[in-house]
Amino acid sequence: MEHLLMLLLLPWSSELQAEGNDTSTEPVRLVGGASRCEGTLEMKHQGEWRPVDYYYMNVKVADVFCRDLDCGSAVSFRDRDESSERSVWRLHPVCLQSVSAPSECFYSDNSSSALHLTCSVSIRLVNGSRHCSGRLEVRSHQSNQWSSVCEEDFDQQGAEVVCRELGCGPPSVLQGALYGEVEAPMWTKGFQCGGHESALLDCRSSGSERNTCSPAKAVGLTCSEPVRLVGGASRCEGTLEMKHQGEWRPVDYYDMNVKTADVFCRDLDCGSAVSFRDRDESSERSVWWIDPVCFQSVSAPSECFYSDNSSSALHLTCSVSIRLVDGSRHCSGRLEVRSHQSNQWSSVCEEDFDQQGAEVVCRELGCGPPSVLQGALYGEVEAPMWTKGFQCGGHESALLDCRSSGSERNTCSPAKAVGLTCSEPVRLVGGASRCEGTLEMKHQGEWRPVDYYDMNVKTADVFCRDLDCGSAVSFRDRDESSERSVWRIDPFCLQSVSAPSECFRSVNSSSALHLTCSGKMTSSVSAH
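All of these numbers come straight from a predicted model, not from anything done at the bench.

Parameters and conventions
Residues numbered from 1 in each chain as written. Predicted model: local features only at pLDDT ≥ 70, side-chain atom pairs only at ≥ 80, totals over all residues. Heavy atoms only, no water. Salt bridge = Lys/Arg side-chain N within 4 Å of Asp/Glu carboxyl O. Helix = DSSP H or I, 4+ residues; strand = E, 2+ residues; numbered from the N terminus. Buried < 20%, exposed > 50% of the residue type's maximum accessible area, 1.4 Å probe, protein only. Contact = heavy atoms within 4.5 Å. Polar contact = N/O pair within 3.5 Å; in protein donor to acceptor, adjacent residues only side chain to side chain. Core = buried A, V, L, I, M, F, W, Y, C linked by side-chain atoms within 4.5 Å. Lys, Arg positive; Asp, Glu negative; His and termini not counted. Phe/Tyr/Trp six-rings, centres within 6.5 Å; stacked < 30°, edge-to-face > 60°. Lys NZ or Arg CZ within 6 Å of the ring centre and 35° of its normal. Disulfide = S-S within 2.5 Å.

(A) Expanded view of the pattern of salt bridges. For the structure on display, the rule yields 36 salt bridges. A salt bridge links E382 to R334; its shortest N-O distance comes to 3.5 Å. Remark: R334 occurs in strand 19 (residues 332-337) and E382 occurs in the loop between strand 21 (370-375) and strand 22 (388-391); sequence separation between them is 48 residues. Overall, E382 belongs to the partly exposed group, its relative accessible area being 42%. The residue R448 makes a salt bridge to E446 at a minimum N-O spacing of 3.1 Å.

So, in structure tokens, the structure goes:
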């Protein structure tokens, strides 16, 4: 292996004379495919074309290459294994977090692996928050122009075709101007799809042409993520699987944390993540591994997966009927409830909810006891509204197990939406006071020590605050005689969340964190 790290900012504009029909703004091309938007990806540097290695490739990076090739969105990518090693360009994943062009982040290596990439030719979703969302643009086989589509010329059947053509899940939201207004030029014919077509341009077109379209009528589309839970007691519990290129594979447990698990639950139209664990298989098999570094800059874990082999799989349990939304952390937010008979999430009015109900919700979500219960703390009431009051004893295992009031509510002040903050399930044990000792965290009913590894002042301060113990005074490594199961805090995850408990993963270690907090008095902090 050469491993010559050359993070190169190259004068790409001087090397734009690519062969054939390549009109990209980067010296990249696809060779050996059925169209100019499919084939083995090659990149040019110093006059030399080389394949791009499959290693470290994900949907986010593949999308950028497709854009640079003036194609649509990335539909699929796979490893094309060669018979022998040769010189390739390999992408550096850490560099990719801070630049917009993958070609700035390659280094020279030897490999028998090459990336085969398929981009869409005639459709793409732009300005979306993730790969499977955005404003729809279409290009005909005879044109080089991408055109916006007017909402009146597009329907649910067309959305089903687009989502399937892009390798995404079924459409979840279809709305005008959701991802920006109409931009010229505009697609002039209406799409009349049956929903079964393999490509949008295979659909029939309306006979008449459109000359005008309101700016707010540009088709905005969100496709669901191609994920599912299998083998569980409900549709919101089981082994997590993700689909790519028509192949369902388990998602690896490694590097999973509460934040990522919450996103998967949301994509599955379930509530909040209640628990997740490692389901160990008897032998290794092909899995998808989520890269935690990539996931700091995107909203969809499915944009950050890599192919891997592992005997580990993620078993995920999401809440079915309650969730906390718009909060600063997993255990806080505006309460929403869904009945077993409905697909709608409903806000709850403050007058229909009390401390006993809050205790049930926090426990159902695997959080600590409620610390704040206040109207509009995390936003105002949103329609629809839950119409019955909850009459809980505080001992129930689920909110929907509580009794309901007999009368129905028809109105609720916008400022009265239930906002709830549950405390973090952490404690200090074995110290001289409740604000000193070995830090332990609870998950799935199990208390474990928190590993000292990667601990810093900022994180220690957050734990002290969650314990209502002021600021961190000191923290040190308490070495055990043997290894045991502990929770380790992922420092990359902590860059984008406010609660360390959202960023833990299970490891074995002989190290544990001994933490001393100030109580109520702020002090300077020292690490030993």
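That covers the picture; the talk isn't over yet.
(B) Spatial organisation of the environment of W345. Tracing the backbone shows W345 in the loop between strand 19 and strand 20 (346-347). W345 sits in the buried class, given a relative accessible area of 11%. Considered as a pair, W345 and D53 are 292 residues apart in the sequence and their alpha carbons are 44 Å apart. Setting aside residues up to four positions removed in sequence, W345 forms contacts with D269, C270, G271, V320, S321, I322, R323, E336, V337, R338 and P384. A distance of 3.5 Å separates a polar atom in the side chain of W345 from a polar atom in the side chain of D269.

(C) Geometry of helix 2 (residues 156-165). Considered for burial, the residues of helix 2 that qualify are G158, A159, V161, V162, C163 and E165. Taken together, the buried residues of helix 2 touch strand 4 (74-91), strand 6 (123-126), strand 7 (133-138), strand 9 (171-176) and strand 12 (219-223). Put simply, D155 is the residue that caps the front of helix 2, since its side-chain oxygen is 3.2 Å from the backbone nitrogen of Q157. Of the residues flanking the end of helix 2, it is G167, one or two places downstream, whose phi is positive at about 75 degrees.

(D) Summary view of the nonpolar core. In this structure, L316 and L515 are the most contacted members of the largest nonpolar core, which totals 68 residues. When residues no more than four places from it in sequence are discounted, the contact partners of L316 are L229, C236, E237, G238, A261, F264, C265, A273, S275 and F276.

(E) Structural context of the side chain of D252. Of note, D252 is situated in the loop between strand 15 (247-250) and helix 3 (258-267). Within the buried set, D252 has no salt-bridge partner at all; the shortest N-O distance to an opposite charge, 9.6 Å, is to R285. Within the structure, D252 has its side chain in polar contact with the side chain of S310 (distance 3.3 Å). Polar contacts involving the side chain of D252 include one to the side chain of S312, which spans 3.1 Å.

(F) Quick look at the packing of aromatic side chains. One pass over the full model with this rule turns up twelve aromatic pairs. With 6.2 Å between their ring centres and 45 degrees between their planes, Y253 and F276 make a pair best called tilted. Within this pair, whereas Y253 is found in the loop between strand 15 and helix 3, its partner F276 is found in strand 16 (residues 273-290), the two being separated by 23 residues in sequence. Just as Y253 is buried, F276 falls in that class too. Where W386 meets F390, the ring centres are 5.6 Å apart and the plane angle is 15 degrees; that geometry is what we call stacked. For F390, a relative accessible area of 6% translates into the label buried. An aromatic cluster of three or more residues is present, and its members are Y54, F77, W288 and F305. The lysine or arginine in question, R249, covers the ring of W288, its NZ or CZ lying 4.0 Å from the ring centre. In this arrangement the basic side chain of R427 is found over the ring face of W447, its NZ or CZ atom lying 4.0 Å from the centre.

(G) Helix 3, seen in detail. Summarising burial for helix 3: nine of the ten residues are buried, a large majority. Within helix 3, burial applies to V258, K259, T260, A261, D262, V263, F264, C265 and D267. Tucked inside the fold, the buried residues of helix 3 contact strand 13 (227-231), strand 14 (237-244), strand 16, strand 17 (305-318) and strand 29 (504-517). Where helix 3 begins, the side chain of N257 points an oxygen toward the backbone nitrogen of K259, at a separation of 3.2 Å.

(H) Local environment of the state of the cysteines. Taken as a whole and judged by the stated rule, the model has 14 disulfides. Linked covalently through their sulfurs, C150 and C213 form a disulfide whose S-S length is 2.1 Å. Torsion about the S-S bond of the C150 and C213 cystine: about 85 degrees, corresponding to right-handed handedness. Taken together, the positions of C150 in the loop between strand 8 (147-148) and helix 2 and C213 in the loop between strand 11 (204-209) and strand 12 put the pair 63 residues apart, joining distant regions of the chain. Classification of C213 as buried rests on a relative accessible area of 19%. The disulfide partner of C435 is C469, and the S-S distance across this bridge is 2.0 Å.

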